Amino acid sequence: MVGSIEVMTRNSYSNGAINSYNGLEEKLDEFRRVLGKADGDLLKIVSVGAGAWGSVFAALLQDSYGQFRDKVQIRIWRRPGRAVDRATAEHLFEVINSREDVLRRLIRRCAYLKYVEARLGDRTLYADEILKDGFCLNMIDTPLCPLKVVTNLQEAVWDADIVVNGLPSTETREIFEEISKYWNERISTPVIISLSKGIEAALDPVPHIITPTQMIHWATGVPLENILYLGGPNIASEIYNKEYANARICGAGKWRKAVAKFLRQPHFIVWDNSDLVTHEVMGGLKNVYAIGAGMVAALTNESATSKSVYFAHCTSEMIFITHLLTEEPEKLAGPLLADTYVTLLKGRNAWYGQMIAKGELSLDMGDSITGKGMIQGVSAVGAFYELLSQFSLSVQHPEENKPVAPVELCPILKTLYKILIKREQQPCGILQALRDETLNDPRDRIEIAQSHAFYRPSLLGQVENNTITAKN
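In this text, all values refer to a predicted model and were calculated from it rather than measured experimentally. (Residues numbered from 1 in each chain as written. Predicted model: local features only at pLDDT ≥ 70, side-chain atom pairs only at ≥ 80, totals over all residues. Heavy atoms only, no water.)

Draft legend 1. Representation of the environment of L345 within the structure. Considering the arrangement of structural elements, one finds L345 in helix α14 (residues 333–346). Here L345 falls in the exposed class, since its relative accessible area comes to 58%. (Helix = DSSP H or I, 4+ residues; strand = E, 2+ residues; numbered from the N terminus. Buried < 20%, exposed > 50% of the residue type's maximum accessible area, 1.4 Å probe, protein only.)

As C-alpha cells, then:
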C-alpha cells in the first residue's frame, strides 16, 4: 500500500522472550464482540504519533495480540522524511550490538547492514524506517518489537476502529482536524484513546482549560463518550521492559471498562474512572512542576534537602490548584502525587529542567528536543499561568484580606513563567523563590485551599452545569 511499511511480528520478538498467550485470544474475541466486529472483519487499531509512549503503547498491543493476524491489525502512523543524525545512528548501532536478541533479529531479517552503513556515514536512516525495526527515535535505548508503520495519514485512520492519540497536545488539534476530512463518509464511529497530557488556555467566553480530548471532539465531531484518556503514573521504557505499572482509563462508561480489560496485562494494571477531564488536566499540571524539580536538582547538586523543600512547595501549589478545578480534590491526591513522583524521578520534563539549569540546553532551542520529543511542561506553564492570572477567577487572600488572582498564591508557577516564558529570570531564580523569607509555609497554602470555597467549575468548561461547547 502507498505510504506503508508492512512488517510481520513473531512471538519471539516480544522483548527478547517468549510470552504466554493463554487467554489473550479470548480477551481479544470479547473486545471484538463489544465493538460489534463480525467474524472475518479485522479489528483495526492505529496509534497516531510515534513518540515514546505512543510507540510503546502500539508495541504492547502488538506483543499481546499481533499473532492473531486474522482478527486484529495494529499499526502506527508517523510522518515520513525525518532523518536520523549521525550521532544517533552511531548510538543506535551500539544498542543493537549490545543486545544479542535484537542483533539476531536484524540479521535474520536482512536489516542489519543498513545500520552498519549508517554507523559509517555511508547512508542516511529515517525515523519511520527504523521504527519498523522497533526503534523509536525518542527512545533509542529501549528496542521494541517490529511494528507496522504507515506514513500516509489517510490510509492509517480512514477505517480504524480504535485510534490512539500519541501526539503532543500542541499537535493534537491540527492533526485531528486533518483526520476529520477522512471521516466525512464514515458509517461507524471510532473509539479514541488519548495519551496526551498537555493543555491549552482559552479566555472566551470565560477563562477555561482545553484538553486534548476536547480538541479531538471539536476537530472531528466524535462524541465525547467515544473519547477516552489513559494516564499514568508510568515511564514508557519501563513499561515495555515489564516493570510493574498501573494506569487509569478515564471517560464515559460506554467503553472504558471494556477498553481497560483489553489493555490490562500482568505487569500493566489498568483501572477505569469516569472523571475524564480532571485526570487529563492533572496529567498536564505535574509536567509544570517537574521542570522546576529538574532545575532545583541541577542547581543544588542533587541535594536531597533542597529537593524535598521544593517538593513540599510544588505539591502544596498543586493541591491548591486542584481545589480550583474540582469539588472533590481529595479523590485526585493519590493519582496526582504518584504521577508527579515518577515524573520528577525520571520524566523528560524533569530532565529538561536539569539541562536548562546546567546550560546544556537553551530556551532558544525550543521545546521539541532531539531524542526526547516534545517537552509538554513548557506550554503548560504558559497555559496555567495565563488562566490563573485572570482576575475574574479571584480568590480571597487570607492575610491581605483582599481578592487576588489565584496565581498570586502560586509563587513557584509564577517563577517558572518568568524563567521559561517571559525569560525575565535565569534558572537560578527558582532557588531564590524557595529562599524568599516571605514565602508561606506550604502547610498554610493547603489549609487555605481546604478551608475556602475556591472551586471554579468554569475552568473545566462548566458554566452553571452546562458545558462550554464553542470551538476555541
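Draft legend 2. Spatial organisation of the packing of helix α13 (residues 304–325) against helix α19 (residues 442–451). Taken N-terminus to C-terminus, the directions of α13 and α19 make an angle of 10 degrees; their axes are 9 Å apart at the nearest point. In terms of orientation, α13 lies roughly parallel with respect to α19. Contacts between α13 and α19 pair A312, H313, S316, E317, I319, F320 and H323 from the former with P442, R445, I446, A449 and Q450 from the latter. Residue composition of the contact of α13 with α19, by class: six nonpolar, four polar and two charged. (Axes fitted to C-alpha atoms, helices over the stretch in contact; angles between N-to-C directions. Parallel < 35°, antiparallel > 145°, perpendicular 65-115°, else oblique. Contact = heavy atoms within 4.5 Å. Nonpolar A, V, L, I, M, F, W, Y, C, P; charged D, E, K, R; others polar.)

Draft legend 3. Fine view of the state of the cysteines. This structure, assessed with the given rule, holds zero disulfides. Here C136 stays unpaired: no disulfide links it, and the sulfur of C145, its closest cysteine neighbor, is 12 Å away. Here C136 falls in the buried class, since its relative accessible area comes to 0%. Sulfur of C428: no disulfide; nearest cysteine sulfur belongs to C314 and is 19 Å away. Here C428 falls in the partly exposed class, since its relative accessible area comes to 38%. (Disulfide = S-S within 2.5 Å.)

Draft legend 4. Representation of the nonpolar core within the structure. If you look at the biggest cluster of nonpolar residues, it comprises 60 residues, and the most contacted ones within it are Y289, Y310 and Y352. The element best represented in this core is helix α12 (residues 276–299), accounting for 11 residues. Beyond its immediate sequence surroundings of up to four residues, Y352 is in contact with I291, L361, L363, G366, I369, I375, V378 and L420. Formed by 47 residues, the second largest nonpolar core is a distinct cluster that contains L28, L43, W53 and L230. (Core = buried A, V, L, I, M, F, W, Y, C linked by side-chain atoms within 4.5 Å.)

Draft legend 5. Fine view of the packing of aromatic side chains. Summed over all chains, the structure comprises seven aromatic pairs. Measuring from centroid to centroid gives 4.4 Å for Y65 and F262, while their planes differ by 10 degrees, and the two rings are stacked. Here the residue Y65 occupies a position in helix α2 (residues 52–65), and F262 occupies one in helix α11 (residues 256–263), the gap between them amounting to 197 residues. Judged by relative accessible area, F262 falls into the buried class, the value being 4%. Taken together, a centroid distance of 6.0 Å and an interplanar angle of 25 degrees make the contact between F93 and Y112 stacked. (Phe/Tyr/Trp six-rings, centres within 6.5 Å; stacked < 30°, edge-to-face > 60°.)

Draft legend 6. Quick peek at the pattern of salt bridges. Scanning the entire structure with this criterion turns up 25 salt bridges. Here E408 makes a salt bridge to K414, at a shortest N to O gap of 3.0 Å. When salt bridges with common partners are traced through the structure, they connect R109, K114, R123, E129 and D133 into a single cluster. (Salt bridge = Lys/Arg side-chain N within 4 Å of Asp/Glu carboxyl O.)

Draft legend 7. Geometry of the confidence of the model for the protein chain. The predicted model of the protein chain has a mean per-residue pLDDT of 88, with 92% of residues at 70 or higher. Segment residues 1–20: pLDDT under 50, and 61 contacts once partners within four positions in sequence are set aside and those in other chains are kept. Segment residues 468–472: pLDDT under 50, and 16 contacts once partners within four positions in sequence are set aside and those in other chains are kept. (pLDDT = per-residue confidence, 0-100.)

Draft legend 8. Structural view of α19. Buried within α19 we find P442, R445, I448 and A449. One side of α19 carries all its buried residues, which in axial view fall inside an arc of 120 degrees. Opposite the packed face of α19, turned more than 90 degrees from it, sit the exposed residues R443, Q450 and S451. Tucked into the core, α19 has its buried residues touching α13 and α17 (411–420). (Arc of directions from axis to C-beta.)

Draft legend 9. Quick peek at unusual backbone geometry. A cis amide bond links D204 to the next residue, P205, at an omega of 0 degrees. For P205, the location among the structural elements is in the loop between β7 (200–202) and β8 (208–210). Cis geometry is found at the peptide bond from G232 to P233, where omega equals 25 degrees. Mapping P233 onto the fold places it in the loop between β9 (227–231) and α10 (236–240). Located in the positive-phi region is K242, a residue other than glycine, with phi close to 70 degrees. Note that K242 resides in the loop between α10 and β10 (245–250).

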